[in-house]
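# Coordinate analysis (summary)
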Amino acid sequence: MRLALTDDQAILAKTAAAFAAERSPLSRLRALRDPRDSLGYSKDLWSQMAGLGWAAIPFAEEHGGAGLGLAEVVLVTEALGRCLAPEPFLSSVMLAGRALARAGTDAQRAAHLAPIIAGDAVLALALDERGARHDRRITTRAETTAAGGLKLTGVKANVLDGFGADAFVVAVRTSGEPGDAQGITLARVGSRAPGVRVVRQHRVDGRNAALVELTGVEVPASEVVGPVGQGGEVLDEVLDAATVALSGEMVGGMVEALERTLAYLRERVQFGVAIGTFQALKHRAARVFVEIELARSAVMAAARAIDEGSEHRRALVSAAKARASDAYVHAANEAVQMHGGIGMTDEHDIGLFMKRARVAEMTFGDAAYHRDRFATACAF
Amino acid sequence: MTELDEFRSQVRRVLENEVPAALRGRATDPKAHVWGGRRMAFALPESRAWLEVAAARGWTAPTWPREYGGGGLSGEEAKVLLSEIGRLALPPPLVGFGLTMIGPTLLQFGSERLRREHLPKITSGQIRWCQGYSEPNAGSDLAAVQTSAVRDGDHFVVNGQKIWTSYGDLSDWMFMIVRTDPGAKKKQAGITFLLVDFATPGIEVRPIRLISGASPFCETFFSDARVPVENVVGELNAGWTVAKALLGHERAMIANVMGSGGRRDTASRWDPAEERLAALAKQYVGQAGGRVADPVLRDRIAQLSMDTLCFQLTVQRAADGAAAGHRPGAETSMFKLYGTELNQRRQELMLAIRGPQSLGWESAQGEPGDGFSADELQQTRDWLRSRGNTIEGGTSEVQLNVLAKQVLGLPD
Ligand SMILES: Cc1cc2nc3c(=O)[nH]c(=O)nc-3n(C[C@H](O)[C@H](O)[C@H](O)COP(=O)(O)OP(=O)(O)OC[C@H]3O[C@@H](n4cnc5c(N)ncnc54)[C@H](O)[C@@H]3O)c2cc1C
């Protein structure tokens, strides 16, 4: 396994970075946040990104995708992470889209994947529940209907890009007890189906998240995704890949936070000299740099481990997410500290990285969660 | 079969048939490491045969040119050789500062005469080298060295004191930096890089006892020691450039050893079953349902193991990037910094795992009957020794200075 970019990958990284930098300045985020735009992202920009082929990357060619892998996905998410772009790549492509691609029937794929890849439809994965942290307890119940379909009741929380989504892939419990690995089933639910209520959640990073309340929502058998009771395995695989994609985004964010901080260290003058001459700050910046380098290596290795089907991919995914979580939080906290008072203002951009770092840290499991998962995968 | 495959099967034949099988599996056993020198010692008698087999083929320094006793191998061939040595977990045939520090430096800066004289004696293990950089008043601020070398005909007369000379008492030659122009405007400008035979009259070496009880480093005193002028490496008064290049080799070597980052292709070969800490913790602290019983300890093991993995992946990424033509940066500073800290954290965690069993100092009359195993006693010493890792070869603070300046571009 080589931890270097191929020529094609280097071109993709370059074009993604250039596009993101040009079309997605940080000022855009305030324009989305301050009027309390409920969507929190730009539909127009998302279809432009899809137009560049980004949403096609992780889908097989026979499903209308580009047939590329995680090694390419993380190049795009890194570019998105650098400019904190809030477009629904993780939710629609890596979560709901890949769950459908992996477990769906031919008819489901034919009907639902093309609009996702084109950026015309946004789908979200309704997985987490309130109070369950990162454990997949899944208490949302599903009864079997007379017609062989399911009837769903429960509340999903922190559904990424759930507000305004066209449809959801919902994880429900069809058997067993909350916390069991078995007995989870996936079902596709239209956002306008009777019994569905979506409430926008406003979180610290300003991005789109939602509570999704399901009250006796009826799902026909044709919209059940994958075998009943075996959704857990699909989720394992889909979440591992999404976790690596998110970790790539986090690397982009930490690199940008450090670069902005370095620029400030060179420019801000106190005691008659640039503050970057102070050794206390130099050493802190150098430590952040080292943490970032380690996180980047872990993300590259995890992406390739999934692409190559390595037996250790689970451990590598957790190493990547744990390192990315710790490093991003550290880089963002240090960035604010080294900016002094201006770093605490809403007006200055550096704080946006700290807010995003925290949300990303807790998405798909924080560092402690992934250390435990790593330890289990390693039989410690 | 490609030429490389052909080479691999040749190597394999030699390693399997001509190298004593008793050495297999002892890659990291210090007893199996041969340092060479006029007073060469073999803790394991089998090591002599391995050294002879390797030296005859130039395998002690695989990529050095053949005329200097090297193997003349290409980078690809050297990789094959290392991977075959690794496959049998053989120790390196020869270790020491000749191979890792002064050899590469002579290849870069040495005159033809110096290379022909010294390199073959390094690759055959005849001469053992030590490093004469630090002085009582020149540590991190290395360019402040005061040991003087004054020209007298075709000799320099050397006076002064070096300190922290690792293995000075076991070495035959020293590479050192001396002040040849005390009036130079910049202190870096008046320094010369010199090779000195310890058989020269006027040199005295005194061991210093380390915190860990061993005495691997020394003070070295020079009083009117006469060193031939042709022993200068590079130009007169331009020794600082040579000295810094050597420090790069030294950092890379220390980082490799500490983080075991020298392993090839970590991304494919990593195996969590090799993590000793977990097995040790299960033994000392107990297990519950197959897991380390203490969840806090288990978390610390996971953290360290993960950081070690990520460090090794980063070393691999630098190597893969270099192979793809990317210019290597000041990575060695990062590797020195992080690799040594990792080793210290590992030692600290070992203490936590073994608890009071890691506090033994020595066994009564060499008998492990006082409740400490040989392993545990070694642990105490390893922990103490590891505290030096972030001091030797340029302290961690100095590495952070280098990173801030050369990689991050922060102002002086
Ligand atoms: C085990 C061991 C083996 C060694 N082997 C050899 C050898 O074979 N040959 C040889 O020549 N030397 C050897 N050394 C010496 C080693 O290179 C020096 O100890 C090292 O460079 C530090 O110098 P010093 O001891 O004078 O400490 P000092 O330079 O006095 O440092 C004391 C403290 O001040 C800090 N400090 C100093 N300058 C700065 C700065 N600019 N910014 C921030 N902090 C700073 C240091 O980081 C350290 O924490 C060895 C040392 C050890 C521990």
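Above this text you will find the structure in question.
First, a word on what this report is: a plain description of the structure on this page. (Residues numbered from 1 in each chain as written. Chains lettered and ligands numbered in written order. Predicted model: local features only at pLDDT ≥ 70, side-chain atom pairs only at ≥ 80, totals over all residues. Heavy atoms only, no water.)

## Notes on the overall build of chain B
For chain B, the count of helices and strands is twelve helices and ten strands. In terms of C-alpha radius of gyration, chain B reaches 23 Å, essentially the compact-globule figure of 22 Å for 412 residues. Dimensions of chain B along its principal axes, counting C-alpha atoms only, are 75 × 55 × 55 Å. Put simply, chain B has 412 residues, and 50% of those count as buried. Taking the contacts inside chain B whose residues are at least 6 apart along the sequence as the reference set, 70% of them involve residues at least 24 apart. Of the roughly 18,700 Å² of accessible surface on chain B, 52% is carried by carbon and sulfur atoms. (Helix = DSSP H or I, 4+ residues; strand = E, 2+ residues; numbered from the N terminus. Rg over C-alpha atoms; globule rule 2.2 N^0.38 Å. Buried < 20%, exposed > 50% of the residue type's maximum accessible area, 1.4 Å probe, protein only. Contact = heavy atoms within 4.5 Å. Areas by Shrake-Rupley, 256 points an atom, 1.4 Å probe, with all protein chains shown as cover.)

## Section: the side chain of Ser247(A)
Residues and elements named next belong to chain A. With respect to the secondary-structure elements, Ser-247 resides in helix α7 (residues 231–267). The class of Ser-247 is buried, set by a relative accessible area of 0%. Apart from residues lying up to four places away in sequence, Ser-247 is in contact with Val-299, Ala-320, Lys-321 and Ala-324.

## A look at the packing of aromatic side chains
All names here are of chain B. Counted by the stated rule, this structure contains 16 aromatic pairs over all chains. Among the aromatic side chains, those forming a connected cluster through ring pairs are Trp-129, Tyr-133, Trp-173, Phe-175 and Phe-193. The residue whose ring lies beneath Arg-57 is Trp-59, and the NZ or CZ to ring-centre distance is 5.6 Å. Lying across the ring of Phe-156, Arg-151 places its NZ or CZ 6.0 Å from the centre. (Phe/Tyr/Trp six-rings, centres within 6.5 Å; stacked < 30°, edge-to-face > 60°. Lys NZ or Arg CZ within 6 Å of the ring centre and 35° of its normal.)

## Examining the pairing of strand β1 (residues 123–126) of chain A
Residues and elements named next belong to chain A. Covered by surrounding structure in β1 are Leu-123 and Leu-125 together with Ala-124 and Ala-126, the residues of both alternating faces. As judged from the four bridges shared by β1 and strand β4 (residues 167–173), these two strands associate in the parallel manner. Bridge pairing in β4 links Leu-123 to Ala-167. (Pairing = 2+ DSSP bridges.)

## Observations concerning helix α1 (residues 7–23) of chain A
Residues and elements named next belong to chain A. The end-to-end C-alpha separation of α1 is 24 Å, in line with the 24 Å expected for 17 residues at 1.5 Å each. Taken as a whole, α1 has its buried residues at Gln-9, Leu-12, Ala-16, Phe-19 and Ala-20. Within α1, the buried residues cover an arc of 100° as seen down the axis, which keeps them to one side. Projecting away from the buried face of α1 at angles above 90 degrees are the exposed residues Asp-7, Ile-11, Lys-14, Ala-21 and Glu-22. (Expected span 1.5 Å × (residues − 1). Arc of directions from axis to C-beta.)

## Some remarks on the environment of Thr390(B)
Residues and elements named next belong to chain B. For Thr-390, the position within the fold is in the loop between α11 (374–386) and α12 (396–407). Owing to a relative accessible area of 14%, Thr-390 belongs among the buried residues under this scheme. Remark: the alpha-carbon pair of Thr-390 and Lys-336, spanning 54 residues in sequence, is separated by 8.2 Å. Every residue in contact with Thr-390, bar those within four places of it in the chain, is listed here: Lys-336, Thr-340, Glu-341, Gln-344, Thr-395 and Ser-396.

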